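Report on the structure
Chain by chain, the residues:
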Amino acid sequence: MAEIEMPGDEVQRLGELLGRVVDLIDTRPSGYNPDDVGPPLVRPGTNFDEAWKDGRVQVKRNSKDLKDGCDAIVKAFAEFDTKMGSSLKESGSQGGGGDATPAGGAARPSS
């Protein structure tokens, strides 16, 4: 049986960090003050700061989508793991069939 490795802790942590980005992206103070940069840089600095407003919206939207994807992946693998564990418990409690060959390889005597 193939083994599936899923870095669940890392995906979950990524989702948490992306959630933090979403929470903090709108906390405006970029620290930009036109008076601090001086006359030659006022216009470029102001243009960048204004343009970043649009970028901020897009980064927030994309980060939220990625966070939702991470959450869905973690949830899907947890549900799959639970179902597989239940399935293994059920098949193990049935005791197996009477026709199985013993571990030593010799055929079972018929009754």
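Everything here concerns the structure above.
Attention here is on the structure that accompanies the text. (Residues numbered from 1 in each chain as written. Predicted model: local features only at pLDDT ≥ 70, side-chain atom pairs only at ≥ 80, totals over all residues. Heavy atoms only, no water.)

On a plain count of helices and strands, the protein comes out with three helices and zero strands. Mapped from its N terminus to its C terminus, the protein presents α and β elements in the order α-α-α. When each of the 111 residues of the protein is scored for burial, the buried share is 12%. The long-range fraction of contacts in the protein, counting pairs at least 24 apart against all pairs at least 6 apart in sequence, stands at 69%. Of the accessible surface of the protein, which amounts to about 9,100 Å², a share of 56% is contributed by carbon and sulfur atoms. (Helix = DSSP H or I, 4+ residues; strand = E, 2+ residues; numbered from the N terminus. Buried < 20%, exposed > 50% of the residue type's maximum accessible area, 1.4 Å probe, protein only. Contact = heavy atoms within 4.5 Å. Areas by Shrake-Rupley, 256 points an atom, 1.4 Å probe, with all protein chains shown as cover.)

It is possible for side chains of opposite charge to pair when their charged atoms get near one another. Applying the stated criterion across every chain, the model contains three salt bridges. For Arg-13, the salt bridge identified is with Glu-16, shortest N-O distance 3.7 Å. Of the two residues, Arg-13 and Glu-16 are both situated in helix α1 (residues 8-24); the distance of three residues between them amounts to about one turn of the helix. Since its relative accessible area comes to 43%, Glu-16 is described here as partly exposed. The partner of Asp-71 in a salt bridge is Lys-67, and the shortest N-O contact between them spans 2.7 Å. With a gap of four residues between them, Asp-71 and Lys-67 both fall in helix α3 (residues 39-93), about one helical turn apart. (Salt bridge = Lys/Arg side-chain N within 4 Å of Asp/Glu carboxyl O.)

Nonpolar side chains collect at one region of the surface, where Val-21, Phe-48, Trp-52 and Val-59 lie side by side and expose about 350 Å² of accessible area between them. When residues in the nonpolar patch are grouped by element, the largest group, three residues, is from α3. The residue Phe-48 is located in helix α3 in this model. (Patch = residues over 30% accessible without salt bridge, like charges linked within 9 Å, V, L, I, M, F, W, Y side chains within 5 Å.)

In this section: the environment of Ile-73. With respect to the secondary-structure elements, Ile-73 resides in helix α3. Separated by 58 residues in the primary sequence, Ile-73 and Gly-15 have C-alpha atoms spaced 9.9 Å apart.

So, about the environment of Gly-8. Within the secondary structure layout, Gly-8 lies in helix α1. A relative accessible area of 18% places Gly-8 in the buried class.

This paragraph deals with the side chain of Ser-63. Following the sequence through the fold, Ser-63 ends up in helix α3. By relative accessible area, which is 7% here, Ser-63 ends up buried. If sequence neighbours within four positions are ignored, Ser-63 has contacts with Leu-18, Val-21 and Val-22.

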